[in-house]
Amino acid sequence: MGERTISRRNFLAGITATGALAAAGALAGCAPQAQAEGGKSGKADADAQGSWRDKPEMPADIAETLEADLVVVGAGNGGLVAATTAAQNGAKVIVLEKGGNIAAAREAIGALNSALEPDHVEDVPTLLNHANQTQAGDANMLLYKTWAEKSGEMIEWMKETLEPKGMLFPFEWHKPDDPHAYYPAMCYNPCMGEYNPDGPNYGAYAHLEVMNEVLGELGGEVMLMTPAKMLVQDESGKVCGVIAESKDKGVIQINAKNGVIVCTGGYGANDEMLQDLCPGNSNWCVLRDSVTEEGDGIRMALWAGAELEAGGACMIWNRGIMFDDTEFDGSYQGGDIFLPGSQPFLHVNANGERFMNEDQCYPMSYAGGANQPGHFSWIVWDGSYWEDIERFDTCGCSRLFPAPSGTAFNADVYDCEAITKEHLDSFWLEPRIESGALKKCDTLDELAKEMKFDADQTATFKATIERYNELVAAGEDVDFGKPAYRLSAVDEPPFYAARIAGELLVTIHGVITNADSQPLRKDGSVIEGLYVCGNDQGGFYPHNYPSNFTGINAGRTATFARIAAKHALGAA
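Residues numbered from 1 in each chain as written. Predicted model: local features only at pLDDT ≥ 70, side-chain atom pairs only at ≥ 80, totals over all residues. Heavy atoms only, no water.

Here we look at the overall build of the chain
Alright, step 1. Along the chain, the regular secondary structure elements total 14 helices and 21 strands.
Alright, step 2. In terms of C-alpha radius of gyration, the chain reaches 24 Å, essentially the compact-globule figure of 25 Å for 572 residues.
Alright, step 3. Here the C-alpha coordinates of the chain stretch approximately 75 × 55 × 40 Å along the principal axes.
Alright, step 4. Surface accessibility of the chain: about 21200 Å² in total, with carbon and sulfur atoms responsible for 48%.
Alright, step 5. The distance from the centre of the 42 positive side-chain charges to the centre of the 82 negative ones in the chain is 4 Å. (Helix = DSSP H or I, 4+ residues; strand = E, 2+ residues; numbered from the N terminus. Rg over C-alpha atoms; globule rule 2.2 N^0.38 Å. Areas by Shrake-Rupley, 256 points an atom, 1.4 Å probe, with all protein chains shown as cover. Lys, Arg positive; Asp, Glu negative; His and termini not counted. Charge placed at Lys NZ, Arg CZ, Asp CG, Glu CD.)

Encoded structure:
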């Protein structure tokens, strides 16, 4: 069947916990207290809801105790921002990282109304209301508003911090010229050394490496292969330290004078938590990008008394191409990455029927297919696909046609090469045709046969194509309401089809916090000394991800991490 995987990025290999902590015992300095109400579940609840909720016992023996002003758990988009901010304010910072290296950087950082781009001002209330509508009305608009008002300062700080090292901050503002399109100008794409507005851009994905270098120069310490296990609280419930496992030293305690910031990336690599908290959202994925994100930060916060946000969702791309033998077996494996899966071509279900307006955000398109027979959809297009892709003019990381020079990141986000038809064909189409995942035929009858349609399904499929082509010719989708500029006829051979399911990136609901990133107990009180950021923090998208806000997740993660660090040090 050929090679099935092309890595999206060099994601880090994870490490497995080395065993349960030992029996309870007193610790020196910041002494642990009895578990806060709302921590460990009772046995009946634990059996019903999963053992991940069970708080481990405190260890009896501590091999070493360290002192710091601030401890940050997780060396990623949030952790390194928080740690660098704190170190710049004179704090002694220790970062605990579970993996063997710092996390992979995101190429897009969402920040609104920055002084770096004074000509691009977005109306904040419009964005808030649009976001709330895409979030089923239950996102925390106070957190959105905080990000919208403070993200500009964050990106200005990031440029000031990293520019001396050679980091550039090109800005993306292009969007389709159509009244249906809403793409706020908010995306910065950091590049090291040089920026080529037409691609390639091999210097992308480097800003966390550069920030880690700055952190080291400021005296900050990153302890790799040292997963945090639980938080330490004093008599009042204030968090004042962390218990961790060092590969070399064993169980260690780090006391934190000013608090602990947790940003470990959610629980996308924890099967038990996925099945407990959001099975319907994640079950129909054939790829998974999460590696070390096993819910450590969320679990530690809950054991300390925090409340988990209602909901349960993953950030899922409609880019999981399926092979003929791919099954949904709960492994989140068996497929391949397929960037063209995010294009708004025609989709039909396993019976050959069209079932949605295909011009949807990634997770909505995925969900539409997941609700069809077999929990997938077929994406279908014809030989004029490059002209169609030009007209579609998709934005963000789904872009396959270059935007006007200098207005967007015109490089393939998977390999940073320039976006061209030749690149699309050689990197994305031809390998999948060779593997059998992408079907290519000269007639619709031959395509239907490759799709394993029976006679009735073939007839339905061909009738669907005929109806869809009529809508394209009329310039109006009276069936599902897709905008005219994203309609594309299927009438010019060769014809293409691929089964599309989900690619699970990360989870996106988490601990309830206030606007200072402080987690709240069920009674609404603040857990002093603790901050939760990034995909461990709830409030932004408890059920779905508004992916037409390019870079919002990395942007809100960095913004609230910076807010947390300044608040912990009294520097806000």
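Having seen the structure, we can now continue with the description.
Details of a negative patch on the surface
Alright, step 1. Together, E387, E390, D491 and E492 make up a negatively charged patch on the protein surface.
Alright, step 2. Relative to the helices and strands, E492 is located in the loop between α13 (455-474) and β20 (495-507).
Alright, step 3. You can call E492 partly exposed: its relative accessible area is 39%. (Patch = residues over 30% accessible without salt bridge, like charges linked within 9 Å, V, L, I, M, F, W, Y side chains within 5 Å. Salt bridge = Lys/Arg side-chain N within 4 Å of Asp/Glu carboxyl O. Buried < 20%, exposed > 50% of the residue type's maximum accessible area, 1.4 Å probe, protein only.)

Looking at the UniProt feature "domain: FAD-dependent oxidoreductase 2 FAD-binding" (unreviewed entry) in the chain
Alright, step 1. Here, UniProt's "domain: FAD-dependent oxidoreductase 2 FAD-binding" (unreviewed entry) annotation points to residues 69-542.
Alright, step 2. Secondary structure content for residues 69-542 is 28% helix and 19% strand, while the C-alpha to C-alpha distance between its ends is 32 Å. (UniProt positions renumbered as here; feature names shortened; annotations may be inferred.)

Overview of the sheet that holds strand β6 (residues 171-172)
Alright, step 1. Strand order across the open sheet formed by three strands is β4-β7-β6, with antiparallel pairing between neighbours. With partners counted over all chains shown, the strands left at the sheet margins are β4 (109-110) and β6, one partner each.
Alright, step 2. Across two bridges, β6 lies against strand β7 (residues 187-188) in antiparallel orientation. Across the sheet, E172 pairs through a bridge with C187, a residue of β7. (Pairing = 2+ DSSP bridges.)

What to know about the domain arrangement of the chain
Alright, step 1. Domains assigned within the chain are domain 1 (62-102 + 205-269 + 290-309 + 507-567), domain 2 (107-190) and domain 3 (313-502).
Alright, step 2. Taking only C-alpha atoms, the centre of domain 2 and the centre of domain 3 are 29 Å apart.
Alright, step 3. Residue-level contacts link 13 residues of domain 2 with 17 residues of domain 3.
Alright, step 4. Of the roughly 1200 Å² buried between domain 2 and domain 3, counting both surfaces, carbon and sulfur atoms make up 62%.
Alright, step 5. Taken together, domain 2 and domain 3 are joined by five residue pairs in polar contact (both at pLDDT 80 or more). (Domains from an automatic or database assignment. Contact = heavy atoms within 4.5 Å. Buried area = accessible area lost by both parts, 1.4 Å probe. Polar contact = N/O pair within 3.5 Å; in protein donor to acceptor, adjacent residues only side chain to side chain.)

Comments concerning the packing of aromatic side chains
Alright, step 1. Considering all chains together, one arrives at 18 aromatic pairs under this definition.
Alright, step 2. Look at W284 and F328: their rings are 5.4 Å apart centre to centre, the planes differ by 80°, and that puts the pair in the edge-to-face class. On the criterion of sequence distance, the pair formed by W284 in the loop between α7 (279-282) and β14 (285-288) and F328 in the loop between β15 (314-322) and β16 (335-337) is long-range, its members being 44 residues apart.
Alright, step 3. On the accessibility criterion, W284 (21% relative accessible area) is partly exposed.
Alright, step 4. According to the relative accessible area criterion, F328 is partly exposed, its value standing at 23%.
Alright, step 5. With a centroid separation of 5.0 Å and an interplanar angle of 85°, the aromatic rings of F427 and W428 are classed as edge-to-face.
Alright, step 6. F427 sits in the buried class, given a relative accessible area of 19%. (Phe/Tyr/Trp six-rings, centres within 6.5 Å; stacked < 30°, edge-to-face > 60°.)

Regarding the pattern of salt bridges
Alright, step 1. Overall, the coordinates contain 24 salt bridges when judged by the stated rule.
Alright, step 2. The partner of R467 in a salt bridge is D479, with the nearest N and O atoms 2.7 Å apart. Separated by twelve residues along the polypeptide, R467 in helix α13 and D479 in the loop between α13 and β20 bring together distant segments of the chain.
Alright, step 3. Judged by its relative accessible area of 35%, R467 is partly exposed.
Alright, step 4. One connected set of salt bridges, linked through shared partners, spans K98, E294, D296 and R299.

Topic: the environment of V506
Alright, step 1. Inspection of the secondary structure puts V506 in strand β20.
Alright, step 2. Judged by its relative accessible area of 13%, V506 falls in the buried class.
Alright, step 3. Beyond its immediate sequence surroundings of up to four residues, V506 is in contact with G265, S290, C314, M315 and N535.

A look at the side chain of S517
Alright, step 1. Take S517: it is sitting in the loop between β20 and β21 (530-532).
Alright, step 2. Residues contacting S517, with those up to four places away along its chain left out, are L530, Y531, V532, C533, Q537, F560 and A564.

Considering the nonpolar core
Alright, step 1. By size, the foremost hydrophobic cluster in this structure holds 62 residues, and its most contacted members are Y144, W147, W381, Y385, I389 and I552.
Alright, step 2. Of all the elements in the fold, those that place two or more residues in this core are α3 (124-134), α4 (141-162), β15, β18 (377-381), α10 (385-392), α11 (421-435), β20 and α14 (552-568).
Alright, step 3. Look past the residues within four positions of Y144 in its chain and what remains in contact with it is L127, L128, A131, Q135, A139, G539, F540, Y541, P546 and I552.
Alright, step 4. If you look at the next biggest cluster of nonpolar residues, it comprises 48 residues, including V73, V262, Y366 and L504. (Core = buried A, V, L, I, M, F, W, Y, C linked by side-chain atoms within 4.5 Å.)

A look at unusual backbone geometry
Alright, step 1. In this chain, G199 is followed by P200 through a cis amide linkage whose omega measures -5°.
Alright, step 2. Note on placement: P200 falls in the loop between β8 (191-192) and α5 (207-217).
Alright, step 3. Here P493 and P494 are connected by a cis peptide whose omega angle stands at 0°.
Alright, step 4. A positive phi angle, near 65°, is found at H375, a position not held by glycine.
Alright, step 5. Residue H375 is classed as partly exposed on the basis of its relative accessible area of 29%.
Alright, step 6. The phi dihedral of K452 is positive, around 65°, even though this residue is not glycine.

Here we look at the sheet that holds strand β2 (residues 70-73)
Alright, step 1. Here we have five strands laid out as an open sheet, ordered β9-β3-β2-β13-β21, and parallel in their pairing. Edge positions in the sheet fall to β9 (221-223) and β21, since each has one partner strand and no second. On average, adjacent strands in this sheet sit at an angle of 20° to one another, irrespective of strand direction.
Alright, step 2. Inspection of the sheet shows strand β3 (residues 93-96) paired to β9 by three bridges, in the parallel sense. (Axes fitted to C-alpha atoms, helices over the stretch in contact; angles between N-to-C directions.)

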